[in-house]
Amino acid sequence: MIRSPSEVTVGADGTVALPMSILAEAGINPGETLLAHSDGDGRIVLRRLDDAVSDLIGGRQL
């Protein structure tokens, strides 16, 4: 699979639409719940909510 970056724009209401190709590459299905947080270094991290909760319960950080 060829990975290519996609440019996205933050709308006036603060929303961002991600291309389906990026979501499909990550194995994220439509309707799946994600957890979004800032990594503190300028990066935004998206994780499947179930994976993030499992990590926290297991004593791991996000």
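Note that the structure is a prediction, hence the values are computed from the model and not measured.

Asker: So, the environment of Thr 9: which residues are in play, and what are the values?
Answerer: Relative to the helices and strands, Thr 9 is located in the segment before α1 (20–25). Between the alpha carbons of Thr 9 and Leu 34 there is a distance of 19 Å; along the sequence they are 25 residues apart. With residues up to four places along the chain from it excluded, the contact list for Thr 9 reads Thr 15 and Val 16.

Asker: Summarise the environment of Ala 52; cite the residues concerned and give the values.
Answerer: Residue position: Ala 52 is located in helix α2 (residues 49–57). The buried category is assigned to Ala 52, whose relative accessible area is 1%. Spatially, the C-alpha atom of Ala 52 lies 24 Å from that of Val 10, the residues being 42 residues apart in sequence. Not counting the four nearest positions on each side in its chain, Ala 52 is found in contact with Leu 35, Arg 47 and Leu 62.

Asker: Could you give me a rundown of the pattern of salt bridges, with the residues and numbers involved?
Answerer: In this structure the tally under the stated criterion is six salt bridges. Put simply, Arg 43 and Asp 41 hold a salt bridge, and the shortest N to O gap is 3.1 Å. Taking the relative accessible area as the measure of exposure, Arg 43 reaches 49% and is therefore partly exposed. Via salt bridges that share partners, Glu 32, Arg 48 and Asp 51 belong to a single interconnected network.

Asker: Give me the UniProt feature "domain: SpoVT-AbrB" (unreviewed entry) in the protein: which residues, what numbers.
Answerer: UniProt's entry tags residues 8–54 with the feature "domain: SpoVT-AbrB" (unreviewed entry), counted in the numbering of this structure. For the annotated span residues 8–54, helix accounts for 26% and strand for 21% of the residues, and the straight-line distance between the end C-alpha atoms is 29 Å.

Conventions we followed
- Residues numbered from 1 in each chain as written.
- Predicted model: local features only at pLDDT ≥ 70, side-chain atom pairs only at ≥ 80, totals over all residues.
- Heavy atoms only, no water.
- Helix = DSSP H or I, 4+ residues; strand = E, 2+ residues; numbered from the N terminus.
- Contact = heavy atoms within 4.5 Å.
- Buried < 20%, exposed > 50% of the residue type's maximum accessible area, 1.4 Å probe, protein only.
- Salt bridge = Lys/Arg side-chain N within 4 Å of Asp/Glu carboxyl O.
- UniProt positions renumbered as here; feature names shortened; annotations may be inferred.

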